[in-house]
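Observations on the three-dimensional arrangement
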Amino acid sequence: MPNYYQPEIETMPYEQLRELQNEKLLKQVRHVWDNVPYYRAKMEAKGVTPEDIQSIDDLHKLPFLSKADLRDAYPYGLLAKPLGDCVRIQSTSGTTGKRVVAFYTQHDIDLWEDCCARAIVAAGGTNEDVVHVSYGYGLFTGGPGLNGGSHKVGCLTLPMSSGNTDRQLQFMTDLGSTILCCTPSYAQYLAESIYEKGIRDQIKLKAGIFGAEAWSEDMRQDIQNKLGIKAYDIYGLTETSGPGVAFECCEQTGMHINEDHFIAEIIDPDTEEVLPLGSKGELVFTAIDKEAFPLLRYRTRDICVLSREKCSCGRTHVKMSKPMGRSDDMLIIRGVNVFPSQIETVLMQQGYPANYQIIVDRVNNTDTFEIMVEMMPAMFSDSLAKINEAEKALVAALKAMLGISAKVRLVAPKSITRSEGKAVRVIDKRKLY
Ligand code: DLL
């Protein structure tokens, strides 16, 4: 039985891990300096040469890379290997500005699939499992990453991609899928559809590996209860290869970062100062093993906390908390910082499904803030007075959490468009002016 739990790496004592990271970092800095003129120019502008980087303690001397650099250098400007050595690209959805294109050599694909294999094993996966991959395939990294990881573990892999829910459920029941991989919002939609069709007793799922978007602890509980599974978080971004950069173990208290491949730092997003372990800030990654697209000190914009507390699973790799929102996801409404994840927490705590949409606009120089929330089916038949009362209760709970008032509109069940990939939670009309 192939087993991708790699104790010699995943439970390596910290001092040994640091040595490994030091060694790989030095090589990687040299590789980038020699092969990526764009980054070399950034280093030169900061007066840094590869000789200045002798260990991780010198990491702070290197310049940061951001999405803006990726756009500047689009498409080939950050490529560190000849095109002849590259075998694949993946890309972000590119809803804002130019797409990000990431390149992979065969070594990079192997490394990425290894990371995803570790995630599947951490969720209890073995070669006896039937892994149902409903992340999108194609340019998006979700489908190809989990697909490759599932192969490595030796699981029977169903490359479903997203969409066509009837077909998803037919394969899930006929083939006895045991591990579901998709976005948490699509998992919720699938769960709803399973109940609607009355086929809950035909579902054999035991675990889910959900990520690619923010989801709250309450949403985890909801999915676990509805599907009778353990729901594991998985994190990654196209720029650093895709899913699997970090994944949850049986403790479900944060995601182990694959530190033999990625060095993680937390910085203050405004001052760019490196913060000590345990501080909340922006996650920054240095890829120390990737060949074709080895980003150094890449600013993810994701806000989280790192912890080295001993984990009962035995893994020693640092854990990242669930991202608490992206620094660029944060809305500033009437001068107050609002994260969609805070709204989701309130909704779930008040017993609503996580089907909502936030609409922000500006009228007469004042921000308007409206949240459309789907009612539970039972509420739908309630009197108007009862619905008004429920809206008022929700307005009060949201005000307590956010510190500002939102208009709440309870809408009919299923009236908010379901997403098969990442859910669209925010419509900020102010950006259109
Ligand atoms: O979403 C890769 C991925 C695919 C991760 C499947 C997990 C599962 P991108 O489309 O480049 O890549 O988006 C990356 O998504 O910076 C986070 O803001 C967000 N994100 C990813 N995983 C999580 C997660 C993929 N578990 C961006 N929780 C990242 C919260 C997540 N946000």
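Rules used throughout
- Residues numbered from 1 in each chain as written.
- Predicted model: local features only at pLDDT ≥ 70, side-chain atom pairs only at ≥ 80, totals over all residues.
- Heavy atoms only, no water.
- Pairing = 2+ DSSP bridges.
- Helix = DSSP H or I, 4+ residues; strand = E, 2+ residues; numbered from the N terminus.
- Contact = heavy atoms within 4.5 Å.
- Axes fitted to C-alpha atoms, helices over the stretch in contact; angles between N-to-C directions.
- Near = heavy atom within 4 Å.
- Polar contact = N/O pair within 3.5 Å; in protein donor to acceptor, adjacent residues only side chain to side chain.
- Areas by Shrake-Rupley, 256 points an atom, 1.4 Å probe, with all protein chains shown as cover.
- Nonpolar A, V, L, I, M, F, W, Y, C, P; charged D, E, K, R; others polar.
- Buried < 20%, exposed > 50% of the residue type's maximum accessible area, 1.4 Å probe, protein only.
- 1 Å grid on protein atoms, 1.4 Å probe; cavity = no way out; pocket = protein on both sides within 12 Å on 5 of 7 lines; lining within 4 Å.
- Points joined across faces, edges and corners; volume = space filled by probe spheres on them.
- Parallel < 35°, antiparallel > 145°, perpendicular 65-115°, else oblique.
- Expected span 1.5 Å × (residues − 1).
- Domains from an automatic or database assignment.
- Buried area = accessible area lost by both parts, 1.4 Å probe.
- Salt bridge = Lys/Arg side-chain N within 4 Å of Asp/Glu carboxyl O.

Here we take up the sheet that holds strand β6 (residues 207–211). Strand order across the open sheet formed by 11 strands is β4-β3-β5-β6-β7-β8-β9-β13-β12-β11-β10, with mixed pairing between neighbours. The open sheet terminates on both sides in strands that have one partner only, identified here as β4 (156–158) and β10 (262–267). In terms of strand pairing, strand β7 (residues 230–237) meets strand β8 (residues 242–248) through four bridges, oriented antiparallel. In the strand pairing of β8, L237 is matched with G242. This element, helix α5 (residues 106–122), spans β5 (179–182), β6, β7, β8 and β10 of the sheet and lies at about 30 degrees to β8.

Close to the ligand lie 21 residues, the nearest being D233, I234, T238, D302 and R326. Contact distances for the ligand include 2.8 Å between a nitrogen atom and a side-chain N or O atom of D233. At a separation of 2.6 Å, an oxygen atom of the ligand approaches a polar side-chain atom of D302. Look at the ligand: alone it shows 610 Å² of surface, and the protein chains cover 92% of it. A total of five residues in the shell around the ligand trace back to one element, the largest contributor, which is β7. Per-class residue counts for the shell around the ligand are nine nonpolar, six polar and six charged.

On to the pairing of strand β16 (residues 356–363). In terms of residue burial, β16 counts as a mostly covered element, since six of its eight residues are buried. Taken together, the eight bridges between β16 and strand β17 (residues 366–374) define a ladder with antiparallel strand orientation. Residue pairing across strands places D361 opposite T368, the latter belonging to β17. Where β16 lies against strand β19 (residues 426–428), three bridges are found, and the strand directions are parallel. Its bridge partner being in β19, I358 is matched across the sheet by V426.

Inspection of the secondary structure puts L146 in helix α6 (residues 142–153). If sequence neighbours within four positions are ignored, L146 has contacts with C116, I120, V133, Y135, C181, I234 and P243.

Enumeration according to the criterion identifies two cavities of 30 Å³ or more in this entry. The volume enclosed by the largest cavity comes to roughly 70 Å³. Lining of the largest cavity is provided by L70, A73, Y74, P75, G77, L78, R99, V100, V101 and F293. Considered class by class, the residues forming the lining of the largest cavity number eight nonpolar, one polar and one charged. For the second largest cavity, the calculated volume is near 50 Å³.

Let us now look at the packing of helix α7 (residues 165–174) against helix α8 (residues 184–197). Axis separation between α7 and α8 bottoms out at 11 Å; the angle between their running directions is 75 degrees. Between α7 and α8, the interaxial angle falls into the category roughly perpendicular. Of the residues in α8, those in contact with T165, D166, Q168, L169 and M172 of α7 are Y186, Y189, L190, S193, I194 and K197. Tallied by class, residues from the contact of α7 with α8 come to six nonpolar, three polar and two charged.

Okay, α5 next. Helical geometry note: an α-helix holds 3.6 residues per turn, so side chains three or four residues apart project in the same direction. For α5, built from 17 residues, the straight-helix expectation of 24 Å at 1.5 Å per residue is met to within 8% by its first-to-last C-alpha distance of 24 Å. Counting buried residues along α5, 14 of its 17 residues qualify, which places the element largely inside the surrounding structure. Immediately downstream of α5, the backbone of G124 shows phi near 95 degrees, a positive value.

So, about the environment of C181. By secondary structure assignment, the location of C181 is in strand β5. Each C-alpha atom of the pair C181 and V133 lies 4.8 Å from the other, and the pair is 48 residues apart in sequence. Non-local contacts of C181, meaning those with residues more than four positions away in its chain, are made with V131, H132, V133, S134, Y135, L146 and I209.

On to the domain arrangement of the protein, then. Under the domain assignment, the protein is made up of domain 1 (7–18 + 63–327) and domain 2 (333–428). With centres defined by C-alpha atoms, the gap from domain 1 to domain 2 works out at 28 Å. With both chains or domains summed, domain 1 and domain 2 bury close to 1500 Å², and 50% of this area falls on carbon and sulfur atoms. Taken as a group, Y189, E192 and D218 account for 26% of the area that domain 1 buries against domain 2, more than any other trio of residues on that side. Remark: the boundary between domain 1 and domain 2 carries three salt bridges. One salt bridge in this structure joins K414 and E192, with 3.5 Å as the shortest N-O distance. Run the count over domain 1 and domain 2 and you get eight residue pairs in polar contact (both at pLDDT 80 or more). Mapped by element, the contributors of at least two residues to the side of domain 1 that touches domain 2 are α8 and α9 (217–227). At six residues, α8 tops the list of elements feeding residues into the side of domain 1 that touches domain 2. Considering only residue class, the side of domain 1 that touches domain 2 consists of eight nonpolar, nine polar and six charged.

Computed from the structure, the second largest pocket encloses a volume of approximately 390 Å³. Together, 19 residues line the second largest pocket, and R18, I56, I263, A264 and E265 are the ones closest to its centre. Contributions of two or more residues to the lining of the second largest pocket are made by α2 (14–35) and β10. In terms of residue class, the lining of the second largest pocket is made up of 12 nonpolar, two polar and five charged.

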